[in-house]
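Letter by letter, the chains look like this.
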Amino acid sequence: MATCSTGCAPAVRLCQRLNRLKTLDGDMMATSLKRCLSTLDLTLMGVGGMVGSGLYVLTGTVAKDTAGPAVIISFVFAGIASLLAAFCYAEFGARIPKTGSAYMFTYVSVGEMWAFLIGWNVILENMIGGAAVARAWSGYLDSIFNHAIQNFTETHIMQWNVPFLAHYPDLLAAGILVFASVFISFGVQVSSYLNHIFSTISMGVIAFILVFGFVLADPANWSQEQGGFAPYGMSGILAGSATCFYAFVGFDVIASSSEEAKNPQKAVPIATAISLGLAATAYILVSCVLTLIVPWRTLDPNSALADAFFRRGYSWAGIVVAVGSICAMNTVLLCNLFSLPRIVYAMAEDGLFFSIFARVNPVTKVPVNAILVFGILMACMALIFDLEALVQFLSIGTLLAYTFVAASVIVLRFQPEKNNSKDTTTTSPNVNAEVSPAPSESQTITEDSEEPKQYESFSDKLQLVERQRTRERRGVGHLKAYWEPYLDRLLGDCEPGEVVAFCVMTLIVSSVSLCAVLEFGNEQLQFPVWCFTMLLVIFTLAYVLSLALIWIHEPQRNNQTFQVPLVPLTPGASILFNVFLMMKLSLLTWIRFTVWIAIGLLVYFGYGIWHSKEGLRELQPKDMAARYVVLPSGSLVETVQSVQPDGQVVTSAHQISSSAAPTAAEAAGKR
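Residues numbered from 1 in each chain as written. Predicted model: local features only at pLDDT ≥ 70, side-chain atom pairs only at ≥ 80, totals over all residues. Heavy atoms only, no water.

Within the chain one finds 25 helices and three strands. Counting across all 671 residues of the chain, residues that qualify as buried make up 50%. Looking at the chain as shown, the accessible area adds up to about 31100 Å², and 64% of this sits on carbon and sulfur atoms. (Helix = DSSP H or I, 4+ residues; strand = E, 2+ residues; numbered from the N terminus. Buried < 20%, exposed > 50% of the residue type's maximum accessible area, 1.4 Å probe, protein only. Areas by Shrake-Rupley, 256 points an atom, 1.4 Å probe, with all protein chains shown as cover.)

Okay, here's the thing in structure tokens:
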């Protein structure tokens, strides 16, 4: 047995390193960045991140090919699904006002390696997204001039026919990315001012489209002669919802900006709710106007709004729509260039990515190195790559981040608060794990069992006495008092939050299994009806049972910051919906995702795991560790463990009588 324990020790230590959590400082508002963003700034950033070219292109595409005029209902369903994920981001952004978004949220609740992989995927997501928007911006502007820019480039510069590369270098797209990166490097206020200008123009154009569009509306375009309101039925509405869901993915820029917000506890949830509401309202009303102006069958998927006004005889309105479209794409571009460097900065600040990206300019208070380097990389992608084949890759990174953030909300909600004060960091974790006092020194008073309990300080013993006086108040992560008589024998020995963490893992596994059976069970796998039904019942029961077991535990109740309502139901539903959409992605997307994950693991194991600040914190020398053990007589034994250079521990103890307890407490305070 000893040989097995010795042989497994390296694997255990590796798992501990991969799953170590980020230690948050006591002052959550302390930052090297500049806190200058108001609620209005964050709201306009969220609107700019969501209301982009999709408003001018996606609405027509879904209406013509997928849902018909019922695209309105598709956007309603997509908005509700996005609200589930937005709730989770809003809670974390208010509770942990640090840059890094999904990466940071995963690091403080799930583990280091998982956080790195989430950050790694978000980096690629933002790079591809920004480059794709830049190419769309360039193509839209080029179409206004009858493709003169493309023709000049192909004729006088170069063109090529290589797989995965564009037919010609898009110099305009690369130039706008470099230009925008330089502007953003001047400071967060410059970025905010630019976003204000473009968002205001974009919202003005949307208002024009709605007012003028409803004037031209013809209800006959929803009649049965034109195919009716929902020509593709409920299946078309749900398929359209899956596509429309990606129109709302830009709200995470608000959480990425929380470290630069003046009052993130209030600003982040308010800005998230308002921006998501405005974006959903804009998409729903514009879809309504678009399908009422012209018959939905005749829509042009590439420029639906401009073409609709043109065919109604108002070609000048197309120019207004074009201006709004370019401004909307500018806001999305700014949001990508704004959030990407901050995620890189957060990873570098934690030691998981190259330290050069953690440097903040002392004047502008922004990570200039990360902005310029990744802005140039994004420009190179827009210059030479055919991004149409890679755009679907955006979805998997976004959905994976949403899933981990929702899971993190559940884990953190049922996890007891950790004391991050300096007094608690003076005890060596290795000493606590590997060394225990002699049996005669570690006998303690217990609450209901014979198992000994140890206390880090005399104040911990006093807190235990107080808890014994108020047995009816259950701690966070414990079973609720109502369920204790029924399940305490089964779950009572588990550590607080341990059952919840296991149930979250079961929740994710059952969601993946359930969605896989629904998506592939009948066609690809060709299960018999009895097998298909049995698997659905098993995985559904596992999903529901996991939610129920989480619900019977005591959650944290924090009235100071925003909290997701109906936990674990809200994040659980978000996990299920995100996994379902991930199952809709193509096999080629999953292959590319696997390759990118493999590259990320090489970076993590080659650099991140060795330079992690959490790992360096664990290796810091700790000369002395002290524990207080309660004896049955009510007196204390102070156990002092000194760490020797060779890793051995020398333990000494002396007894403190109960009458001398205040003196011991004072001594502990002085230490």
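Moving on: the environment of Ser202. Topologically, Ser202 is positioned in helix α9 (residues 188-215). Assessed through its relative accessible area of 4%, Ser202 is described here as buried. For the pair formed by Ser202 and Gly52, sequence separation is 150 residues and the distance between their alpha carbons is 8.9 Å. Once you skip the residues sitting within four places of it in the chain, Ser202 turns out to touch Tyr56, Gly324, Cys327 and Ala328. (Contact = heavy atoms within 4.5 Å.)

With that settled, the discussion passes to helix α6 (residues 112-144). Counted at 1.5 Å a residue, the expected span for α6 with its 33 residues is 48 Å, and the 48 Å between its end C-alpha atoms agrees. Burial of α6 is extensive: 28 of the 33 residues sit out of reach of the surface. Looking at the residues trailing α6, positive phi occurs at Asn146, about 60°. (Expected span 1.5 Å × (residues − 1).)

Once that is clear, we can look at the confidence of the model for the chain. Scored by pLDDT, the chain comes out at a mean of 81, with 82% of its residues at no less than 70. Considering each helix and strand of the chain separately, the mean pLDDT is smallest for helix α17 (residues 429-434), with a value of 37, and largest for helix α21 (residues 529-551), with 94. Low pLDDT (under 50) marks residues 623-631, which in the prediction has 54 contacts with non-local residues, meaning those over four places away or in another chain. (pLDDT = per-residue confidence, 0-100.)

Looking now at the packing of aromatic side chains. Per the counting criterion, the structure on display carries 38 aromatic pairs. Among the aromatic residues, those joined into a cluster by ring pairs are Phe116, Trp120, Phe353, Phe354, Phe357, Phe374, Trp596, Tyr604, Phe605 and Tyr607. Directly above the ring of Phe338 sits Arg342, whose terminal nitrogen or CZ lies 3.7 Å from the centroid. Over the ring of Trp551 we find Lys480; its NZ or CZ atom is 4.4 Å from the centre of that ring. (Phe/Tyr/Trp six-rings, centres within 6.5 Å; stacked < 30°, edge-to-face > 60°. Lys NZ or Arg CZ within 6 Å of the ring centre and 35° of its normal.)

Our focus in this paragraph is helix α23 (residues 587-611). In a regular helix each residue adds 1.5 Å, so 25 residues correspond to 36 Å; α23 covers 35 Å between its end C-alpha atoms and thus fits that length. Of all bends in α23, the biggest is about 45°, found at Tyr604. Thr589, Arg592, Phe593, Trp596, Ile597, Gly600, Val603, Tyr604, Tyr607, Gly608 and Ile609 are the residues of α23 that are buried. (Bend = angle between axes of the 7 residues up to and from the residue.)

Side chains of Val76, Phe77, Ile80, Met234 and Leu238 sit close together on the surface and give an oily, nonpolar patch of about 440 Å² of accessible area. Looking at the nonpolar patch, the elements that each hand over two or more residues are α4 (71-95) and α10 (233-244). Of the residues forming the nonpolar patch, the biggest block, three residues, is contributed by α4. For Ile80, a relative accessible area of 48% gives the class partly exposed. (Patch = residues over 30% accessible without salt bridge, like charges linked within 9 Å, V, L, I, M, F, W, Y side chains within 5 Å. Salt bridge = Lys/Arg side-chain N within 4 Å of Asp/Glu carboxyl O.)

Tyr56, Tyr89, Phe248 and Phe353 are the most contacted members of the largest nonpolar core, which has 155 residues in total. Considering each element in turn, this core owes the most residues, 17 residues, to α6. Both domain 1 (33-415 + 557-615) and domain 2 (498-555) contribute no fewer than three residues apiece to this core. Phe353 has contacts with Trp120, Val344, Met347, Ala348, Phe374, Val603 and Tyr607, leaving out every residue within four places of it along the chain. Ranked by size, the runner-up nonpolar core spans 13 residues in total, among them Ala261, Val268, Cys335 and Phe338. (Core = buried A, V, L, I, M, F, W, Y, C linked by side-chain atoms within 4.5 Å. Domains from an automatic or database assignment.)

All right, on to the packing of helix α8 (residues 171-184) against helix α15 (residues 368-384) then. The geometry of α8 relative to α15 is characterised by a closest axis approach of 8 Å and an angle of 170° between their N-to-C directions. Taken together, the axis directions place α8 and α15 in an arrangement best described as roughly antiparallel. Taken together, the residues of α15 that come into contact with α8 (itself represented by Leu171, Ala173, Ala174, Leu177, Val178, Ser181 and Ile184) are Ile371, Leu372, Gly375, Met378, Ala379, Ala382 and Leu383. Across the contact of α8 with α15, the residue classes tally to 12 nonpolar, two polar and no charged. (Axes fitted to C-alpha atoms, helices over the stretch in contact; angles between N-to-C directions. Parallel < 35°, antiparallel > 145°, perpendicular 65-115°, else oblique. Nonpolar A, V, L, I, M, F, W, Y, C, P; charged D, E, K, R; others polar.)

With that settled, consider the pattern of salt bridges. Counting across every chain of the model gives nine salt bridges. For Arg617, the salt bridge identified is with Glu614, shortest N-O distance 2.6 Å. With Arg617 and Glu614 both in helix α24 (residues 613-619), this residue pair falls three residues apart, about one helical turn. Relative accessible area serves as the criterion here: at 34%, Arg617 is assigned to the partly exposed category. Taking the relative accessible area as the measure of exposure, Glu614 reaches 7% and is therefore buried.

With that settled, the discussion passes to the environment of Ile206. By the element assignment, Ile206 lies in helix α9. Taking the C-alpha atoms as reference, Ile206 lies 7.4 Å from Ala282; in sequence the two are 76 residues apart. Ignoring anything within four residues of it in the chain, the contact list for Ile206 reads Val51, Leu55, Tyr56, Ala282 and Val286.

Before going further, it helps to examine unusual backbone geometry. Cis geometry marks the peptide bond from Val567 to Pro568, where omega comes out at 10°. Tracing the backbone through its elements, the reader meets Pro568 in the loop between α21 and α22 (569-583). At Leu566, a position not held by glycine, the phi torsion is positive, near 55°.

Attention shifts here to the packing of α6 against helix α14 (residues 315-349). Between two packed helices, what matters for the description is the angle formed by their axes and the separation of those axes. α14 packs onto α6 with a crossing angle of 155° between their chain directions and a minimal axis gap of 9 Å. Of the possible angle classes, the one that applies to α6 and α14 is roughly antiparallel. In this structure, α6 meets α14 at a crossing whose hand is left-handed. Here the contact of α6 with α14 is built from residues that sort into 22 nonpolar, eight polar and no charged. (Left-handed = near helix turned anticlockwise from the far one by under 90°.)

Along the chain, Val579 falls in helix α22. For Val579, a relative accessible area of 4% puts it in the buried group. In sequence terms Val579 and Ser511 are 68 residues apart; their C-alpha atoms lie 6.8 Å from each other. When sequence neighbours within four positions are dropped, the list of residues in contact with Val579 reads Ser511, Val512 and Cys515.

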